[in-house]
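Geometric and topological summary
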Amino acid sequence: MDEQEHDHVFDGEGEGSTIDKMRAKQEKKNMKKAKKKAAKISAGGSKADLEDTAAKQKELQEKVRMLVNQLAIREAIQPPPSASSSQKQKDMSSHKFWSTQPVPKHDETIEEDGPIEPDTPYDQIRKEPYVLPKEFEWVTLELNNESELNELYTLLTNNYVEDDDAMFRFDYSGDFLKWALQPPGYLKTWHVGVRVSANKRLVAFVSGIPADIRIYNSHQHLVEINFLCVHKKLRSKRLAPVLIKEITRRSHLQGIFQAVYTAGVVLPKPISKARYYHRSLNPKKLIDTNFSRLPPNTTLSRLIKKFKLPTETSTPGLRSMVEKDVPEIRTLLNEYMSKFNFVPVFKTDDEIKHWILTKDKVIWSFVVEDPETKKLTDFFSFYYLPSSVIGHQVHKTINAVYLFYYAVKESDEKAIKGRLQGLMKDALILAKLKNVDVFNCLDLLENKLFIDDLKFGPGDGFLNYYMYNWRCKGMGSDKVGVVML
Amino acid sequence: MTDSSLEEQFILAYTFLNNHPEINLSNEIKLQLYGYYKVVTIGKVNTAKPPLWDFRGRAKWDAWKEVENTPAEIAMQMYIETVEKTNIDWKRDQSDDDSSINTEDDDKEENKTNAKEGRTTYVSTMSYGEEEDSEVDDIFSYTKKGDITEISKILDSGNIDINAKDDQGLTLLHWASDRGHLTVIELLIDRGADVNILSEEKETPLHFSCISEHLDCARYLYHHGANSSIKDDEDLTAFDHCSVQFKEEVIKE
């Protein structure tokens, strides 16, 4: 929890201050009373008195303990509402910004797919950037410039994402950012930064990259929005809405009126909601860093044995992907994606080369080649995104990989399940050999076919999928194929 | 005010907080509440101070320690008052009526969203149900926590079989070797624990220290009579479970 949130607990209490004052008075009174009582008890006269108090206290503790136990039982039967507040939806009126945007409302019934507002004619698109608070200025980042790439890296590392207790932070590398932000056809003007005018310090960022997707039956060339980040100290300036409006404006100028984005929080209105799953490869380190927990009645040894993997892969014909595989992988992947409702469409070999071909310490891809026909039958890929461990004396980084795109050629469900389990087990083994501590995935695609059997455990993180200016029915996460970084 | 009404109020305040996980209290307040809660339900601190790097555990432990001498009644009173003081719209003599807090709740959410604005994602970690420390406080639970003071107290009391097994067929020395509590291992061996005792799966304490890679513990066991040629159910010795380097580190004088 950061300091800002502290403050907010006490915010919005300005009105009704009379009541507050009265309450404060009453508190003081009660506090005094309690203290007096405490003094009386602790100073309590004779020894017999003391013993009596001690006995009474014991009795009291016992009683309370029983009551608390009963409570625990009741709670176990009837769990409290929503364990995670960030996953609760609010009605539109409380989304000051999103209620002004072309996105579906939470309570909307969707009959027909289509845009929410029509494309804006070019001459009506605002040509100058939105106005920033006066101490800031817009910049376009040049990521091929090492120092600007470093500035972005620093901003994201210190301010991008944290888990609820701020124990971990994504640690994007420069190479990772270039992979994520410079795919074929990328536009520099979609790498939008905000600097403090006075000292030129980079304090906010948002990015867009071009993408082709299919949602249900609609093929779209659109923009994927990602890495929205505002410096911690400036979160009260409401820069995020301006950044979103600015990247929207810059998309409109390119003739693009739809966008895809994801977020851990619930906004109006998700197309789908996926959950993170984690597979321990190094259980001891994950427990040491509080990434996972050792149940009190389980031995560490048993846990380590449970997650132990063979040192060699078992799928015949499995090998690293090389450049000549690109065209075949493109066909394989696009075909596999046809069974889902919200998927990327890879239109050129260049895109596959960029997104899928192995780049060390960024993305690793493996293909299965049929030994007889020499045709590729399957492939899988995972990307490397470590998290820094905040404030740990021994461990600085958790080496994590995330399952990316994959494809299998089998067609009946049972065969797919068997095939996928074999492939993903090999993926775990390969990741372990790269000294990875945890293998993560979302419950997208057909991942539910192997999650349990390969000992993935549910995470506390969720990822909501959104489209901007597009209305369509929601879908289960097993119908989603788009993997965003 | 009678004791029973105080108890009821305490339970109500506790229930209210538990039923409203969306209420976002500061860490300071949370820790205060935790301290009083532990005093009311358990009394004085009965666990070992968590290690330095476990800052959450340590902060909680400190918070409890700070107020451990508060009488339970007062602790309840303080708990109730702290909850009231945080202005989350809970007052004593008011039941947990959801309809009465809804408007306030929405405001809270809005505030939180503003705070999280531009921070829309977070690193997912393994999810667990919120579990309190197990209520049983026996020598096995102290051994798992590494609470050397409590363990010696119980051992001193005399009426305990140091080689006794728990429901999982494990002795104290197995647990200490698994969790990596060297001081506990030293104490247990000093008090006559069998260093080569077998679990149901025929594992020695050395097996546990080798699998869990606790080098200091494995070294101590090895140099205090552990027989490294004993094979477990899988027909593996302790050293078959670890790397060659680890084994060499264990063996060297």
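Residues numbered from 1 in each chain as written. Chains lettered and ligands numbered in written order. Predicted model: local features only at pLDDT ≥ 70, side-chain atom pairs only at ≥ 80, totals over all residues. Heavy atoms only, no water.

A look at the pattern of salt bridges
Any two side chains of opposite charge can pair, so long as their charged atoms come close to each other. Residue and element names in this part refer to chain A. Across all of its chains, the model carries 27 salt bridges over all chains by this definition. Arg 319 is paired through a salt bridge with Glu 369; the nearest N and O atoms lie 2.8 Å apart. Here Arg 319, found in strand β8 (residues 318-320), pairs with Glu 369, found in strand β10 (residues 363-369); they are 50 residues apart in sequence, far enough to count as distant. Its relative accessible area of 23% is what places Arg 319 among the partly exposed residues. You can call Glu 369 buried: its relative accessible area is 17%. A salt bridge links Arg 330 to Asp 349; its shortest N-O distance comes to 2.8 Å. Taken together, the residues span a long stretch of sequence, with Arg 330 in helix α9 (residues 326-337) and Asp 349 in helix α10 (residues 349-355) at a distance of 19 residues. Residue Arg 330 is classed as partly exposed on the basis of its relative accessible area of 24%. Here the residues in one salt-bridge network are Arg 319, Lys 324, Asp 325 and Glu 369, joined through shared partners. (Salt bridge = Lys/Arg side-chain N within 4 Å of Asp/Glu carboxyl O. Helix = DSSP H or I, 4+ residues; strand = E, 2+ residues; numbered from the N terminus. Buried < 20%, exposed > 50% of the residue type's maximum accessible area, 1.4 Å probe, protein only.)

Digging into the sheet that holds strand β2 (residues 168-170) of chain A
Residue and element names in this part refer to chain A. Taken in spatial order, the three strands make up an open sheet running β2-β12-β13, and their pairing is antiparallel. The open sheet terminates on both sides in strands that have one partner only, identified here as β2 and β13 (397-398). Alignment of strand β12 (residues 387-389) against β13, held across two bridges, turns out to be antiparallel. The residue of β13 that forms the bridge with Ser 388 is Thr 397. (Pairing = 2+ DSSP bridges.)

Considering the domain arrangement of chain A
Residue and element names in this part refer to chain A. For chain A, the assigned domains read domain 1 (18-79), domain 2 (92-263) and domain 3 (275-461). Relative placement of domain 2 and domain 3: their C-alpha centres are 28 Å apart. On the side of domain 3, 30 residues touch domain 2, which itself brings 23 residues to the contact. The junction of domain 2 with domain 3 conceals about 2,400 Å² of combined surface from both sides, 66% of it contributed by carbon and sulfur atoms. On the domain 2 side of the interface with domain 3, the three residues burying the most area are Phe 168, Trp 179 and Arg 214, jointly 33% of the side's total. (Domains from an automatic or database assignment. Contact = heavy atoms within 4.5 Å. Buried area = accessible area lost by both parts, 1.4 Å probe.)

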